[in-house]
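A closer look at the structure
Residues per chain are reported as follows:
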Amino acid sequence: MSTVNLDFAEELKAFSQDTALECFNCGTCTAICPLGQDLVSDNFPRRMIRYVQVGARESILENANELWKCLHCGLCTHTCPRQADPGELILGLKRFVIANFRKV
Ligand code: SF4
Ligand code: SF4
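Reference entry: report on the structure contained in this document. Here the structure is a predicted model, which means the values were calculated and not measured. (Residues numbered from 1 in each chain as written. Chains lettered and ligands numbered in written order. Predicted model: local features only at pLDDT ≥ 70, side-chain atom pairs only at ≥ 80, totals over all residues. Heavy atoms only, no water.)

Description of the nonpolar core
Ranked by size, the top nonpolar core spans 26 residues in total, and within it Phe 44, Met 48, Ile 60, Leu 67, Leu 93 and Phe 96 carry the most contacts. For this core, the elements supplying multiple residues, two or more each, are helix H1 (8-12), helix H4 (46-54), helix H5 (57-62), helix H6 (64-67) and helix H8 (86-103). Of the residues forming this core, the biggest block, 6 residues, is contributed by H8. (Core = buried A, V, L, I, M, F, W, Y, C linked by side-chain atoms within 4.5 Å. Buried < 20%, exposed > 50% of the residue type's maximum accessible area, 1.4 Å probe, protein only. Helix = DSSP H or I, 4+ residues; strand = E, 2+ residues; numbered from the N terminus.)

This is the structure:
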């Protein structure tokens, strides 16, 4: 079971802009994302943003392979009705994962 890391949002500031709390989980980014059906049905990229919001640091690391399927097409960012910038958050999570794999 994943634990909640209350310092995760602060840790991520070194890798990405701090916009995850702008997300109100509407699902527009998931609906527009051109990735394969397996990821779309599993709420990508919204689920990753939700992990950030709830401090599920380990869930990001456990599902890191999904981040590398992102095409960086920008559609999620362009259609997000808030200022969450999901595309940039995904990029920042990749930087976070790389930094943590280097520590292993
Ligand atoms: S990142 Fe934007 S589009 Fe995606 S669920 Fe959150 S508010 Fe909606
Ligand atoms: S940038 Fe990545 S997460 Fe966003 S819509 Fe494109 S493929 Fe999906």
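Digging into the site of ligand 1
Close to ligand 1 lie 14 residues; Cys 23, Cys 26, Gly 27, Cys 29 and Cys 80 are nearest. Sorting the residues of the shell around ligand 1 by element identifies helix H2 (28-32) and H4 as the ones contributing at least two each. (Near = heavy atom within 4 Å.)

Focus on H4
Among all positions in H4, only Arg 47, Met 48, Ile 49, Tyr 51, Val 52 and Gln 53 are buried. Looking one or two places after H4, you find Gly 55, whose phi comes out positive at around 75 degrees.

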